[in-house]
Structures are given as structure tokens and as C-alpha cells.
Number of protein chains: 2
Amino acid sequence: MALDEHFDDFMRRDWDTGADGTVRFAMVGLGWWTRDYAVPATQQSEYCETTTVVSSSPEKAESFAEEFDGVETALTYDEFTDGAGTDQYDAVYVATPNALHLPYVEAAASYGKDVLCEKPMEASVERAEAMAEAAEDVTLMVAYRMHTDPAVRRMRELVADGFVGEPTHVHGHMSQRLLEMIPDRDQWRLNPELAGQGASITDLGVYPINTTRFVLDRDPVAVQSAMYSGSEGFEDVPDERAAATIVYEDDVLASISASQNSYEDGFLRVTGTAGQLVLEPAFLKPSGLTVSRSGIDATYDLPEMGEAQQMQAEFDYFSHHLLADTEPPADGEYGVVDMRVIRAAVESARTGERVTL
Amino acid sequence: MALDEHFDDFMRRDWDTGADGTVRFAMVGLGWWTRDYAVPATQQSEYCETTTVVSSSPEKAESFAEEFDGVETALTYDEFTDGAGTDQYDAVYVATPNALHLPYVEAAASYGKDVLCEKPMEASVERAEAMAEAAEDVTLMVAYRMHTDPAVRRMRELVADGFVGEPTHVHGHMSQRLLEMIPDRDQWRLNPELAGQGASITDLGVYPINTTRFVLDRDPVAVQSAMYSGSEGFEDVPDERAAATIVYEDDVLASISASQNSYEDGFLRVTGTAGQLVLEPAFLKPSGLTVSRSGIDATYDLPEMGEAQQMQAEFDYFSHHLLADTEPPADGEYGVVDMRVIRAAVESARTGERVTL
């Protein structure tokens, strides 16, 4: 490709071949993420809209219906599960606490609705497997929004094209100060019954774990890890912070870490025999990509993709698949693999032993 | 400290209180490192000089004596061991293959000579322990030249001062293409009898492992690791590439990797609860330090410290200790700890189990 085309096409949506129609979404779980990013994303989307909102609180659902144009139906969880308003939506976005994903995906699938489910899939491998099975007759996609980030897609292409030679090492990290962002010790992310086995590896570690998998186009095969919890508020979880050595196919050695109680940071660094790719910051606002080869480094300062734009790309991508009648690669079986990595990391931290997947 | 003083004093040698005299060195092991960096460093040094060279090859030793001003005595290893020319030098620099460090340190110590010994200390923990014991009555320093790198010393001070809050995570990596740098499959770094248990973790991994220890001022306590060798030339070593999760005191989780067959790279990233320090590149030519706190990043573009300047600082530092009659902290007992980490990494890669130090 000529260099000018490389620049002109850097932000391209290579997956977007055009499609006719509009997917009508029901939003299940109306937390700040849904309010600030998901519903606005559908309002900006070319391929979808939000018509229905579902919450435990009728008042919250009603307030969404008033606040957002196009939202015409407000349902409680019970009404949704009982099949109310199924003629008002075509697909469902599930953004409840992890341990509540399964029942709403089951309900949606029972009414033939396709599902975009937030990651991690569920609170355990078993429940994620049950979700994949329940959704066999509909389209289920796990919401890995890095898969539609342009810089991440270019990294994946560069690895596939051999730009870095054979990939050998990855370093990836994601951290934030959860209790400063959400000053509430009773929040679901710190409650194993709602979040699952971990707090950092589950909620943040899944970004470098899965993005490594996506960029390398290789699956994880073995996990070793160490975890620590000692600060106030983290008594019920094993991993205020976590670090893992994860071996991916072809013996790529990945050094992955995550923390809910560290300075906000995210990066992904892919080293090969012949070159290197560094995305920094990564995950929250990927905007700097440094590519290196033959002793030369070039840093791309990219248009920032904030959470709102990331979510719009993801809704467009998922809806495009539905309208074009194609299957997204990140389906239930795919998502279960990351759940197995999370389980292996928690187990390895406890036993000290390598867990083969 | 006022900001102008911070800049003006950034490169300061905080350890240099001045000293009178000149330490006369015997250089043992005359490979390219000694020729290109070590002897020239002593020629630039304020506190030392090279008067004696020692090699298996009388011709090589003679050629050094002719090439470098001030080098007046050329010895074979046997002559050195037998005590020839001991009135011509005060201290010894040992830069032979790892498994030959011990006999020359023993010989030097038997003649009351102080020793600067290259890292890793030796080919095994047992031999390193024997070295520490043999050198009990002289001053022995292991040649961790990052300890005199100004950026690394400032990182250590910033961590000690609480700039990053409580340190939580480290990522560190060092890699090169060994067989492109030295196109010889019979070289000692790939021969376990001369290099010791590993090739990457031993020769390169020791940089991030020890620099993490120095910057954090905390010792390693547990190691998990994975290794891979599969390329031509790496048949005799376990770790063409290696990655380890190393827990340091206070549960700092360090993700460390090294490769003798990857694109040349080095970085060190220290994350804490309140901030972050990133040295990149690190180890070979540390020149960029990014410090982050309160959502603000500042990147220092530092005067480059190439290998020659690094070695000069190290020789100055060691000689200053001898002239001032003070003991360098990186003594034999200190160096043995890193040897235990290397042994634990090789063992953990083989067994899959966490090794507690």
C-alpha cells in the first residue's frame, strides 16, 4: 500500500460494507455506562437505535424514556423476562452486573432476540457456557469493543502481515482507582457474587488478555499468576492487583497485569523477531501507536476514540452483522475462552501452579 | 526542590563526594566489551586507570598493551592466577564468560585485590555463593551499571519519596537478536557450561530483574515463569525467550521478560497507587523518562548514556568506594539474590510451579 493510502485509510472500518435497515435495541441494565455511552452510541449509529430500556427500577426506566428521543418502552426486568414489548425491539444489549448476564440472555434468546453482551461474559465459566448454549439459535456477540478500535485492527493486520516477524512477547496492563471513580464499597465489582471470581483480572485484565488474543490471532494455552488484596474495600476479592504470565499459541509469552487500585494506565506492547507495536494509551482512549522495525520508530498520534465513539463503532459493527446476516467472530464459544483464562489466573494465584487451558 | 534545581541536578552523581588517588586495574577477559567499553572507560575515569590486561591469548594481551596508553603489563590467565605483576594493580575487573568468574575472583582475593565482577555473578547460585565467601576480606562489587545511571537513580529517589504512592506493578523487558549481533552459534552465551542455566533470563533478564529491585528498594520473594526455545542456534538453552511474574517485597507484582531472539528493545515501567515512572529506552541507552501523576505526564529527554559513559560512571563509582574506603551496596551477598531469581525462573519454567525465594 502506498504511504498516503496507509494514512488516508488508517481509521477505515474495514468491516463496514454497508447494510440496509435499522436494528432496534432493548437496553438491559441502566447504569452509568449505558446512560453515558451505550444509549448515546445507538443514537449516533448508522445501523441501530434504542427503543426499549429495562431496569429493576421502573422510575429509572421511565427517566430514560423521557431523556432519550426514540426510547418508547420502559420495562422492569420481570416484564422483560415475561416477554413484554418483544415487538418493539430486535436485539438486546446486556450491561448488568456480570452474574445477571445469563438470565437476560436466556430470556432474550427465548424470544429469538440477538444479543450483544458486555464482557466478561458472566461470573463463572459454567454460566458463560450455559449462555453460549442458550444463545445457540440467535446471534450472540461478546462486547469486546477493542475489536472495532482502528489502531487495534491495524495492529492485528500488521502482525498478520509479518511486520513484527514472528511475535515473541506481549506486555499489557490496565489499571484504575476504582474506589475513587465510584466511592462505594458496596458496588457490584467488589462483590464476588455479582462480579465473579476476581475484581481486577475480571473487569480490567480481560482487556489486555483478549486484545492480545485478537491482535495475535492466537489463543491462550497456559496461565501462571500472582494476586494481592490488602487495602480497605478489597477484603472480599483476591485481586486488588494481579499479574499473569500467559502463553499464547506458538509460544508467544504475554506478561499481563491489572489493578483496581493503581494509577490509571493502559498499554499494549507486541514484540516480535523483526519489529514491535506499542499502543499507549490503550483500552480507555487508544490514541498513540508506535511501530518499530529496522531500528526506526514511527509514532502515530491518532484521532482519539473515547468510550462514546468506541461504543458507537461496536454497536455499528454488531448491527451490521445482524443486517448483513453474518456471524460476528466474538461469539459465545469465543468468549468462554477468556472466562477460562480468568478462572485459571485465580486458580494459579491460589495454588502457585501453571494452569493449562 | 525548586524545579530549576531539579533540572540542573538531574544528572548529578549524588554518590561522588570526591576522593584522592587512582585505582590501578587489571582487566581479566579481553572480549569486545572490555576493548570497546571497559578499558576506554578507565582511560576517561577520574578515579582509575588500566595498567594490566589478562587473557588466555598472550597475543591478544600484547595487542591491548600496544593499543592502549598506560597498559604496561600483559598476563596470561595462568600468570595472573600465579600472582604475577600483583604490584602493578590494585583492583581487578572480571569480564570473562560467567562460569570463569569464580576462579579469577578467588585468585584476586587471595592477593588482597578488590574486585568489580560482571553480572550475572557466575553460572550457578552455588558458585556465586562461593565467590561471595572467597571475597569476604576484599571489596567485591557486582557490575550492575544501571545503579549509576542518573535516570535510574532518580527513579529510585522518586519511589522512595512517594511520588508514585505505594508501588504496585512493574513491567520490564530486554531483548536483542544475539545471533545477528554475534553470528556464531558456538559463542559462550549459548553454552550452558559457560553461561549457566539460561541464555535470555541470565544475560538480559538480569537487567530488569535487578533494576526493579534497585528502583523499588525491595527484594524479590517469589517467581513464576515460562520459557521457550525452538529456533536454530538455541538448542542447548531453555530460554530463547523467557517471561516471569516476580513478586517483590510489599507484594509489588513485576512482569519481567527477556529474549536473545527478539527485536532489540528495553523498557522499565513502575506503576503505583498515585503515579507512574516509565524509562524507555532502558538498559542499553536510557534516555527517555516519563513521570506521571495527577493525570499529568512529563517526558524528560535526557542526555544519552551510551555503554561507554555507563561504564565510566561504574568504574568511577567503584573506584570512589575503594578510595573513600566505603563498601558498595551491590556486594557478593547482594548479587547472590539475583542468581537465586534466575535459578527459580528456570526451575519454575520447567515445573510450572511458583518458587518462593
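If you're wondering where the values come from, they're calculated on a predicted model, not measured in any experiment.

## Re the overall build of chain A
Tallying secondary structure elements over chain A gives 12 helices and 15 strands in all. Its C-alpha atoms put chain A at 60 × 50 × 35 Å along the principal axes. Out of the 357 residues belonging to chain A, those deemed buried represent 61%. A total of about 13,300 Å² of accessible surface is found on chain A, and carbon and sulfur atoms cover 43% of it. Counting 25 positive and 65 negative side-chain charges, chain A places the averaged centre of each group 5 Å from the other.

## With respect to the packing of aromatic side chains
By the definition in use, this model includes 29 aromatic pairs over all chains. Ring geometry for Tyr144(A) against Tyr334(A): centres 5.8 Å apart, planes inclined by 75 degrees, an arrangement best described as edge-to-face. Note that Tyr144(A) is positioned in the loop between strand E6 (140-142) and helix H7 (150-160) and Tyr334(A) in helix H12 (residues 332-351), a separation of 190 residues in sequence. Residue class for Tyr334(A) comes out buried when judged on its relative accessible area of 17%. One cation-aromatic arrangement involves Arg156(A) over Phe214(A); the distance from NZ or CZ to the ring centre is 4.3 Å. Just above the ring of Tyr89(B) sits the side chain of Lys113(B); from NZ or CZ to the centre is 4.9 Å.

## Some points on the UniProt feature "domain: GFO/IDH/MocA-like oxidoreductase" (unreviewed entry) in chain A
Under the feature "domain: GFO/IDH/MocA-like oxidoreductase" (unreviewed entry), the UniProt entry names residues 152-277 of chain A. End C-alpha to end C-alpha, residues 152-277 of chain A measures 10 Å, and it is 27% helix and 40% strand.

## Concerning the state of the cysteines
One covalent bond between the sulfur atoms of two cysteine residues makes up a disulfide. In the structure shown here, the tally under the stated rule is 0 disulfides over all chains. Cysteine Cys48(B) remains unbridged, with the sulfur of Cys117(B) as its closest cysteine sulfur at 16 Å.

## Considering the sheet that holds strand E9 (residues 241-248) of chain B
All names here are of chain B. Taken in spatial order, the 9 strands of this open sheet run E14-E13-E12-E11-E7-E10-E9-E8-E15, and their pairing is mixed. Only two strands of the sheet have a single partner each, and these edge strands are strand E14 (296-301) and strand E15 (355-356). Bridge count for strand E8 (residues 220-228) against E15 is 2 bridges, and the pairing is antiparallel. Within E15, the residue paired with valine 223 across the bridge is valine 355. Along the sheet, helix H10 (residues 200-216) makes contact with strand E7 (167-177), E8, E9, strand E10 (252-259) and strand E11 (261-272), crossing E10 at roughly 155 degrees. Across the sheet, helix H12 (residues 332-351) is in contact with E8, E9 and E15; its angle to E8 comes to roughly 45 degrees.

## What to know about the environment of Ser257(B)
Along the chain, Ser257(B) turns up in strand E10. C-alpha of Ser257(B) to C-alpha of Arg213(B): the two residues are 44 residues apart in sequence and 15 Å apart in space. If we ignore the near neighbours within four places in the chain, the residues touching Ser257(B) are His169(A), His171(A), Ser255(A), Gly172(B), His173(B), Met174(B), Pro208(B), Ala242(B) and Ala243(B). Here the side chain of Ser257(B) touches His171(A) through a polar contact of 2.6 Å, side chain to side chain.

## Remarks on a negative patch on the surface
Together, Glu133(A), Glu136(A), Asp137(A), Asp325(A), Glu327(A), Asp331(A) and Glu333(A) make up a negatively charged patch on the protein surface. With respect to the helices and strands, the residue Asp325(A) is situated in the loop between helix H11 (307-324) and H12.

## Topic: the confidence of the model for chain A
Predicted confidence across chain A gives a mean pLDDT of 96, with 100% of residues reaching 70 or more. Complex prediction metrics read pTM 0.96 and ipTM 0.96.

## Observations concerning the domain arrangement of chain A
It is common to give the size of an interface as the accessible area that goes away when the parts come together. Residue and element names in this part refer to chain A. The assigned domain composition of chain A is domain 1 (4-144) and domain 2 (150-302 + 332-356). Domain 1 and domain 2 are separated by 25 Å when their C-alpha centres are compared. Each partner contributes residues to the interface: domain 1 has 26 residues there, and domain 2 has 30 residues. Both faces combined, the contact of domain 1 with domain 2 buries some 2,400 Å², and carbon together with sulfur accounts for 66% of it. When the area that domain 1 buries against domain 2 is broken down by residue, the three leading residues are Phe10, Val125 and Tyr144, summing to 27%. For the pair domain 1 and domain 2, the number of links is 5 salt bridges. Two residues, aspartate 14 and arginine 153, come together in a salt bridge whose shortest N-O distance is 2.9 Å. Linking domain 1 to domain 2 there are 13 residue pairs in polar contact (both at pLDDT 80 or more). Going through the elements one at a time, helix H1 (3-8), helix H6 (125-134) and E6 are the ones with two or more residues in the side of domain 1 that touches domain 2. The biggest single contributor to the side of domain 1 that touches domain 2 is H6, with 5 residues.

## Section: the sheet that holds strand E1 (residues 23-28) of chain B
All names here are of chain B. Taken together, the 6 strands give an open sheet; going across it, the order is E3-E2-E1-E4-E5-E6, and neighbouring strands pair in parallel fashion. Here the strands that pair on one side only, and so sit at the sheet edges, are strand E3 (73-76) and strand E6 (140-142). Between one strand axis and the next, the sheet turns by 25 degrees as a mean value, whatever way the strands run. Where E1 and strand E2 (residues 48-55) come together, 6 bridges link them in parallel fashion. Bridged to valine 28 within E2 is valine 54.

## Regarding the interface of chain A and chain B
Taken together, the contact pairs 51 residues of chain A with 51 residues of chain B. Between chain A and chain B the total buried area reaches about 3,500 Å² when both faces are included, carbon and sulfur atoms providing 49% of it. When the area that chain A buries against chain B is broken down by residue, the three leading residues are Arg241(A), Tyr263(A) and Arg269(A), summing to 20%. In this structure, the connection of chain A to chain B is made through 4 salt bridges. The salt bridge partner of Arg269(B) is Glu280(A), with a shortest N-O separation of 3.0 Å. Looking at the side of chain A that touches chain B, the elements that each hand over two or more residues are strand E7 (167-177), strand E8 (220-228), strand E9 (241-248), strand E10 (252-259), strand E11 (261-272), strand E12 (275-279), strand E13 (288-293) and H12 of chain A. A class-by-class count of the residues in the side of chain A that touches chain B yields 17 nonpolar, 24 polar and 10 charged.

## A few points about the pattern of salt bridges
Residues and elements named next belong to chain A. Counted by the stated rule, this structure contains 46 salt bridges over all chains. The salt bridge partner of arginine 13 is glutamate 46, with a shortest N-O separation of 3.9 Å. Of the two residues, arginine 13 sits in the loop between H1 and strand E1 (23-28) while glutamate 46 sits in the loop between helix H2 (32-44) and strand E2 (48-55), which places them 33 residues apart along the sequence. Judged by its relative accessible area of 27%, arginine 13 falls in the partly exposed class. Its salt-bridge partner being aspartate 217, residue arginine 156 comes within 3.9 Å of it at the nearest N-O pair. Of this pair, arginine 156 sits in helix H7 while aspartate 217 sits in the loop between helix H10 (200-216) and E8, and the two are 61 residues apart along the sequence. For arginine 156, a relative accessible area of 28% corresponds to the partly exposed category. What makes aspartate 217 exposed here is its relative accessible area of 54%. Through salt bridges with shared partners, a single ionic network connects Arg12, Asp14, Arg153, Arg154 and Glu157.

## Side note on unusual backbone geometry
A cis amide bond links Glu280(A) with the next residue in sequence, Pro281(A), at an omega value of 0 degrees. Here Pro281(A) shows up in the loop between E12 and E13. With a phi angle near 60 degrees, Asp325(A) is a residue other than glycine that sits in the positive phi range. For Asp325(A), a relative accessible area of 68% translates into the label exposed. Non-glycine residue Asp250(B) carries a positive phi angle of around 65 degrees.

Rules of the game
Residues numbered from 1 in each chain as written. Chains lettered and ligands numbered in written order. Predicted model: local features only at pLDDT ≥ 70, side-chain atom pairs only at ≥ 80, totals over all residues. Heavy atoms only, no water. Helix = DSSP H or I, 4+ residues; strand = E, 2+ residues; numbered from the N terminus. Buried < 20%, exposed > 50% of the residue type's maximum accessible area, 1.4 Å probe, protein only. Areas by Shrake-Rupley, 256 points an atom, 1.4 Å probe, with all protein chains shown as cover. Lys, Arg positive; Asp, Glu negative; His and termini not counted. Charge placed at Lys NZ, Arg CZ, Asp CG, Glu CD. Phe/Tyr/Trp six-rings, centres within 6.5 Å; stacked < 30°, edge-to-face > 60°. Lys NZ or Arg CZ within 6 Å of the ring centre and 35° of its normal. UniProt positions renumbered as here; feature names shortened; annotations may be inferred. Disulfide = S-S within 2.5 Å. Pairing = 2+ DSSP bridges. Contact = heavy atoms within 4.5 Å. Axes fitted to C-alpha atoms, helices over the stretch in contact; angles between N-to-C directions. Polar contact = N/O pair within 3.5 Å; in protein donor to acceptor, adjacent residues only side chain to side chain. Patch = residues over 30% accessible without salt bridge, like charges linked within 9 Å, V, L, I, M, F, W, Y side chains within 5 Å. Salt bridge = Lys/Arg side-chain N within 4 Å of Asp/Glu carboxyl O. pLDDT = per-residue confidence, 0-100. Domains from an automatic or database assignment. Buried area = accessible area lost by both parts, 1.4 Å probe. Nonpolar A, V, L, I, M, F, W, Y, C, P; charged D, E, K, R; others polar.

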